[in-house]
Amino acid sequence: MSRLDSAIRRLNAQKLTLEAAVASVAGLKGPVLEIGLGNGRTYDHLRETAPDRDIWVFDRQVAAHPDCIPPEDRMILGDVRETLADMARRIGGETALAHLDIGTGEKASSMALAESLAPLIAALMRPGGVLVSDQPVTGQGFAPIALPEGVAEGRIHLYRFSG
Ligand code: SAM
């Protein structure tokens, strides 16, 4: 598969899975967490797909497209290993949907980072909420659920939080 095909499949998997996640929490109150703003592509899609949700966004810095910069009071700057822990003290366990997208291209360190963030994200989740993740996570109350049709296993990960 060419790198172009691979990029298209990855972005399509993100889009379909985020849309499925938003639909699956339609009856659940709570904010969205976008962990990894990057250039703001998925943040932009989440705010368009879930316009009534409060969206908290995390990254080390703001390097997004100018049209995709979150409001200042919803942009949490710093290392997510610290800012997510602070967030649990601020908003507690009310999150309906978390999107973890912190991959750097270095597989082992990205997977280790995701595993280390899983308990911090769990502390922010409402039971019944969902986590969309670019890396697999294990335990912490996150059980894998079916990906939308057309998304290949392992391309992205979708979990329901049981509490
Ligand atoms: N979701 C974005 C989009 O659609 O444009 C792409 C996110 S990009 C793949 C990953 C982002 O995670 C980068 O902007 C990087 O700065 C951020 N990141 C990675 N590790 C981090 C950490 N420990 N703390 C804060 N941000 C981190």
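Residues numbered from 1 in each chain as written. Predicted model: local features only at pLDDT ≥ 70, side-chain atom pairs only at ≥ 80, totals over all residues. Heavy atoms only, no water.

Some details on the site of the ligand
- Surveying the vicinity of the ligand reveals 19 residues, the closest of which are Gly36, Asn39, Thr42, Asp59 and Asp101.
- The side chain of Gln61 places a nitrogen or oxygen atom 3.2 Å from an oxygen atom of the ligand.
- At a separation of 3.3 Å, a nitrogen atom of the ligand approaches a polar side-chain atom of Asp79.
- When isolated, the ligand has an accessible area of 610 Å², and the protein chains bury 86% of it.
- Put simply, the parts of the chain that give the shell around the ligand at least two residues each are helix H2 (41-49) and helix H3 (80-91).
- Residues that form the shell around the ligand fall into these classes: four nonpolar, eight polar and seven charged. (Near = heavy atom within 4 Å. Polar contact = N/O pair within 3.5 Å; in protein donor to acceptor, adjacent residues only side chain to side chain. Areas by Shrake-Rupley, 256 points an atom, 1.4 Å probe, with all protein chains shown as cover. Helix = DSSP H or I, 4+ residues; strand = E, 2+ residues; numbered from the N terminus. Nonpolar A, V, L, I, M, F, W, Y, C, P; charged D, E, K, R; others polar.)

Points about the packing of aromatic side chains
- On inspection of all chains with the given rule, the structure shows two aromatic pairs.
- Relative to Tyr159, the ring of Phe142 lies with its centre 6.4 Å away and its plane at 65°, an arrangement referred to as edge-to-face. Here the residue Phe142 occupies a position in strand S6 (residues 142-144), and Tyr159 occupies one in strand S7 (residues 157-161), the gap between them amounting to 17 residues. Taken individually, Phe142 and Tyr159 each receive the classification buried, so the pair is uniform in this respect.
- Ring centres 5.3 Å apart and planes at 50° place the aromatic pair Phe142 and Phe161 in the tilted group. Separated by 19 residues along the polypeptide, Phe142 in strand S6 and Phe161 in strand S7 bring together distant segments of the chain. Just as Phe142 is buried, Phe161 falls in that class too.
- Chaining the aromatic ring pairs together yields one cluster made of Phe142, Tyr159 and Phe161.
- Just above the ring of Trp56 sits the side chain of Arg74; from NZ or CZ to the centre is 4.0 Å. (Phe/Tyr/Trp six-rings, centres within 6.5 Å; stacked < 30°, edge-to-face > 60°. Buried < 20%, exposed > 50% of the residue type's maximum accessible area, 1.4 Å probe, protein only. Lys NZ or Arg CZ within 6 Å of the ring centre and 35° of its normal.)

Considerations on the sheet that holds strand S5 (residues 125-133)
- In space, the seven strands of this open sheet follow the order S3-S2-S1-S4-S5-S7-S6, with mixed pairing throughout. Each edge of the open sheet is held by one strand with a lone partner, namely strand S3 (75-77) and S6. The sheet shows a mean angle of 20° between the axes of neighbouring strands, taken without regard to direction.
- Judged from the three bridges that link them, S6 and S7 form a sheet pairing that is antiparallel. Note that in S7 the partner of Pro144 across the bridge is Tyr159. (Pairing = 2+ DSSP bridges. Axes fitted to C-alpha atoms, helices over the stretch in contact; angles between N-to-C directions.)

Things to note about a nonpolar patch on the surface
- A contiguous nonpolar patch, built from Val62, Ile69 and Leu77 and spanning about 250 Å² of accessible area, is present on the exposed surface.
- Relative to the helices and strands, Val62 is located in the loop between strand S2 (55-59) and S3. (Patch = residues over 30% accessible without salt bridge, like charges linked within 9 Å, V, L, I, M, F, W, Y side chains within 5 Å. Salt bridge = Lys/Arg side-chain N within 4 Å of Asp/Glu carboxyl O.)

Notes on the packing of helix H1 (residues 3-24) against H2
- At a minimum axis distance of 10 Å, the contact between H1 and H2 shows a crossing angle of 30°. Read as a crossing pair, H1 and H2 show a hand that is right-handed. Residues Leu11, Gln14, Lys15, Leu18, Glu19 and Val22 of H1 form the contact with H2, whose participating residues are Arg41, Thr42, His45, Leu46 and Thr49.
- Here the contact of H1 with H2 is built from residues that sort into four nonpolar, four polar and three charged. (Left-handed = near helix turned anticlockwise from the far one by under 90°. Contact = heavy atoms within 4.5 Å.)

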